[in-house]
Amino acid sequence: MKTSPLSQIVERIRSEQQLTREVPDFDPQNGNETARFLFVLEAPGPKAVASGFVSLKNEDQTAKNFQAQLTAAGVSSADIALWNVVPWYLGNAEHSKIRGARSLDVKQGLQYLTAVVTAIENLQCIVLVGSAARQAHIHLSHNTTAHILSCHHPSPKVQNAVLGATEENVSVFRFMQTLSKCEAQTGMPK
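In this convention, every chain numbers its residues from 1, walking through the sequence in written order. Predicted model: local features are reported for residues with pLDDT of at least 70 only, side-chain atom pairs are reported and counted for 80 or more only, and whole-chain, interface and lining totals are derived from all residues. Calculation of side-chain values draws on the structure's entire complement of heavy atoms; hydrogens and water are dropped beforehand.

Enquirer: What's the story with the sheet that holds strand E2 (residues 37-41) in this structure? I'm lost.
Expert: Paired through backbone hydrogen bonds, the strands of a sheet run either parallel or antiparallel to each other. Taken in spatial order, the four strands line up as E4-E2-E5-E6 in an open sheet, and their pairing is parallel. Strands with a single pairing partner mark the edges of an open sheet, and in this sheet they are strand E4 (80-84) and strand E6 (147-151). Averaged over all neighbouring strand pairs, the angle between strand axes comes to 20 degrees, with direction disregarded. A pair of strands counts as paired when DSSP detects no fewer than two bridges linking them. Segments assigned H or I by DSSP are reported as helices when at least four residues long, segments assigned E as strands when at least two residues long, and all are numbered from the N terminus. Two strands pair when backbone bridges link them, and E2 and strand E5 (residues 125-129) are joined in this way by four bridges, in the parallel orientation. The residue bridging phenylalanine 39 from the neighbouring strand is valine 127, located in E5. Residue contacts are defined here by distance: any two heavy atoms, one from each residue, within 4.5 Å place the two residues in contact. Fitting a line to C-alpha atoms yields each axis, with helices limited to the stretch in contact; the angle taken between N-to-C directions then spans 0 to 180 degrees. Against the sheet, helix H4 (residues 103-119) contacts E2, E4 and E5, and its axis sits at roughly 160 degrees relative to E2.

Here's what the structure looks like:
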């Protein structure tokens with residue numbers, strides 16, 4: 001069985017960082033290499049480590065919130081790839097509590113983000129999800145012609161603290177699709 005280009009990147013990260021399941025793979029139920037939209041979150045949580053995938057199907061409230069927002073905006077899983085600016089778990093040894101990404105963590109993770117972006121052939125838009133992911137904006141600006149947007153992190157902590165965060169995220173996701181449709185109609189390069 002042939003390994004996908006994105007799964008090859010995951011294997012490379014695991015090898016270079018001397019990690020295994022702490023670097024979850026891309027969810028095979030998403031578009032991944034054929035996606036139009038890449039969502040870059042902060043770092044995998046305990047449920048992603050347990051499932052082995054960065055997925056909207058993980059049993060945590062962040063995944064549930066994110067899936068509900070994408071569904072409200074009419075975004076299909078076939079059109080997305082989910083990744084993290086720091087692709088490995090940042091937390092305790094028991095995989096029960098994650099810590100926030102630090103600037104050094106993000107800097108180390110950026111070395112792999114360009115490879116992910118390059119492996120997605122039809123990429124039209126990258127959405128930086130949360131403040132840690134937004135640290136990748138300048139790096140991505142030098143490495144892609146895809147549109148770069150940002151939104152609030154879908155964690156309960158952020159969603160409960162920022163008035164209107166859910167509605168703003170849904171609005172960003174709808175705008176993302178509008179950009180994609182405009183490009184398709186005008187034939188503009190990505």
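Enquirer: Help me understand the packing of aromatic side chains in this model?
Expert: Aromatic ring pairs are described here by two measures, namely the spacing of the ring centres and the angle between the planes. Paired rings are identified among Phe, Tyr and Trp, the last through its six-membered ring, by centres lying within 6.5 Å, and are further divided according to the angle between planes into stacked (under 30 degrees), edge-to-face (over 60) and tilted (the rest). Considering all chains together, one arrives at five aromatic pairs under this definition. Here phenylalanine 39 and phenylalanine 173 contribute two aromatic rings whose centre-to-centre distance is 5.4 Å and whose plane-to-plane angle is 90 degrees, an arrangement assigned as edge-to-face. Placement of phenylalanine 39 in strand E2 and of phenylalanine 173 in helix H8 (residues 165-186) is noted, with a sequence separation of 134 residues between them. This pair shows no difference in class: phenylalanine 39 is buried, exactly as phenylalanine 173 is. Between tryptophan 88 and tyrosine 112 the ring centres are 6.2 Å apart and the planes differ by 85 degrees, which places this aromatic pair in the edge-to-face class. Burial status follows relative accessibility: with a 1.4 Å probe on protein chains alone, a residue under 20% of its type maximum counts as buried, one over 50% as exposed, and anything between as partly exposed.

Enquirer: For this particular structure, what's the right way to read the nonpolar core?
Expert: The nonpolar side chains of a soluble globular protein tend to be buried with one another. What is meant by a nonpolar core is a set of buried Ala, Val, Leu, Ile, Met, Phe, Trp, Tyr and Cys residues, joined one to another through side-chain atoms within 4.5 Å. Ranked by size, the top nonpolar core spans 34 residues in total, and within it Leu38, Trp83 and Ile126 carry the most contacts. Looking at this core, the elements that each hand over two or more residues are helix H1 (5-17), E2, E4, H4, E5 and helix H5 (131-134). With seven residues, the top contributor of residues to this core is H4. Counting 21 residues, the second largest nonpolar core, distinct from the first, contains Leu82, Cys125, Val172 and Leu179.

Enquirer: Is there a simple way to think about the side chain of arginine 14 in this case?
Expert: With respect to the helices and strands, arginine 14 occurs in helix H1. At 2.8 Å, the side chain of arginine 14 forms a polar contact with the side chain of glutamate 11. Apart from the residues lying within four places of it in its own chain, the contact partners of arginine 14 are Leu19, Thr20, Val23, Pro24 and Asp25. Nitrogen and oxygen atoms within 3.5 Å of one another constitute a polar contact, given that in protein one can donate a hydrogen and the other can accept it, and given that sequence-neighbouring residues count only through two side-chain atoms.

Enquirer: I'm lost on H1 in this one. Help?
Expert: Because each turn of an α-helix spans 3.6 residues, side chains separated by three or four positions end up pointing in the same direction. Between its first and last C-alpha atoms H1 spans 18 Å; for 13 residues at 1.5 Å apiece the expected length is 18 Å, and the two agree. Residues Leu6, Ser7, Ile9, Val10, Ile13 and Arg14 constitute the buried set of H1. The buried residues of H1 all sit within an arc of 155 degrees when viewed along its axis, so they share a single face. Summarising the contacts, the buried residues of H1 are in contact with strand E1 (25-26), E4 and H4. In this analysis, the expected span of each helix is defined as 1.5 Å times one less than the number of residues it contains. By construction, the arc corresponds to the directions joining the helix axis to the C-beta atoms.

Enquirer: What am I meant to see in the side chain of glutamine 69 here?
Expert: Among the secondary structure elements, glutamine 69 is positioned in helix H3 (residues 61-72). A distance of 3.0 Å separates polar atoms of two side chains, one belonging to glutamine 69 and the other to glutamine 159. Once you skip the residues sitting within four places of it in the chain, glutamine 69 turns out to touch Pro154, Gln159, Thr166, Asn169, Val170 and Phe173.

Enquirer: Is there a simple way to explain the environment of leucine 149 in this structure?
Expert: With respect to the helices and strands, leucine 149 occurs in strand E6. Among the residues examined, leucine 149 registers a relative accessible area of 16% and is labelled buried. Once the C-alpha coordinates of leucine 149 and leucine 113 are considered, the two residues, 36 residues apart in sequence, prove to be 16 Å apart. Dropping the residues within four chain positions of it, leucine 149 is found in contact with Cys125, Ile126, Val127, Leu128, Val172, Phe175, Met176 and Leu179.

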